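Results of the structural survey
Here's the letter readout for the chains.
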Amino acid sequence: MLVAMETPASAWPNYRPLADIALLVEFGDTAEPAIHNRVIAFDAAIGAAKLPGVLETVPSYATLMIHYDPVATDYYALKTAITSLANAARAAQTTPTEHVIPVCYEADNAPDLAAVAEQRGMSVESVIAQHLSGDYRVYMYGFAPGYAYLGGVPASLDLPRKPVPVRSRPVGSVMIAGGQCIVTTLPMPTGWWVIGRSPAAILRPESPKPFLFDPGDRIRFRRIASFDAP
């Protein structure tokens, strides 16, 4: 998570060159919805403008990375072009898509659920209820294909990562750590706390849109009785 640096509000947005292939736009130094809204709006404005040389944009918690073709443009030309979009992006209103993701919290699908309940001084059912009550937002993708980092985990479930990762957690593991939540898309070791499992297909490699979510989308979890349930 980003750490506050006491930077004056007038300093944002801040522009940084990344070698000769990307430009980083910083909107703040904390991870919070208001800042992320600006990231998403600016991303949409740049996409709509279809600026010459822009290859890809990558939104994160408080930044937007713009990859460009150095043959077609450069840092200074691109900075000038996107600076002119700042006011339009600030005023833009985006309507996020809401996704309802099923989760099974039963038995082997939730190997860390009891441990989370014990650490937080709660019953297992209370942990499940708290997780279901979260107001989740897709902040970014990272670490592995389709790994969407969701903010909005209730403070009552805010736990640090485990000191030692556990090997080979299955696809669809619903896990929490550091105030965030992820639904895994690949079998992989993790130090996050696995409290459920979802059959939702978030990574769809053969689809024209390989990731189910877009940054800025909202997520709501729905409890199901078994991993195979609809």
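As a reminder, the structure under discussion sits directly above these lines.
One structure accompanies this document, and this report is about it. For clarity, every value in this text was computed on a predicted model and none was experimentally measured. (Residues numbered from 1 in each chain as written. Predicted model: local features only at pLDDT ≥ 70, side-chain atom pairs only at ≥ 80, totals over all residues. Heavy atoms only, no water.)

We now examine the sheet that holds strand S4 (residues 63–68). Read across the open sheet, the four strands follow the order S1-S2-S4-S3; overall the sheet is antiparallel. This sheet does not close on itself; its edge strands, each paired only once, are strand S1 (14–18) and strand S3 (54–59). Shown here is a sheet whose adjacent strand axes are inclined to one another by a mean of 20°, direction ignored. As paired elements, strand S2 (residues 22–26) and S4 share five bridges and run antiparallel to each other. Pairing of Ala 22 across the sheet is with His 67, part of S4. Contacts from helix H2 (residues 75–83) reach S1, S2, S3 and S4, with the element oriented near 150° to S1. (Pairing = 2+ DSSP bridges. Helix = DSSP H or I, 4+ residues; strand = E, 2+ residues; numbered from the N terminus. Axes fitted to C-alpha atoms, helices over the stretch in contact; angles between N-to-C directions. Contact = heavy atoms within 4.5 Å.)

Taken together, the buried positions of H2 are occupied by Tyr 75, Leu 78 and Ile 82. Along the long axis of H2, the arc covered by the buried residues comes to 70°, so they all point the same way. Away from the buried face of H2 by more than 90 degrees, exposed residues Tyr 76 and Thr 80 are located. Between a side-chain oxygen at the N-terminus of H2 and the backbone nitrogen of Tyr 76 the separation is 3.2 Å; the capping residue is Asp 74. (Buried < 20%, exposed > 50% of the residue type's maximum accessible area, 1.4 Å probe, protein only. Arc of directions from axis to C-beta. Polar contact = N/O pair within 3.5 Å; in protein donor to acceptor, adjacent residues only side chain to side chain.)

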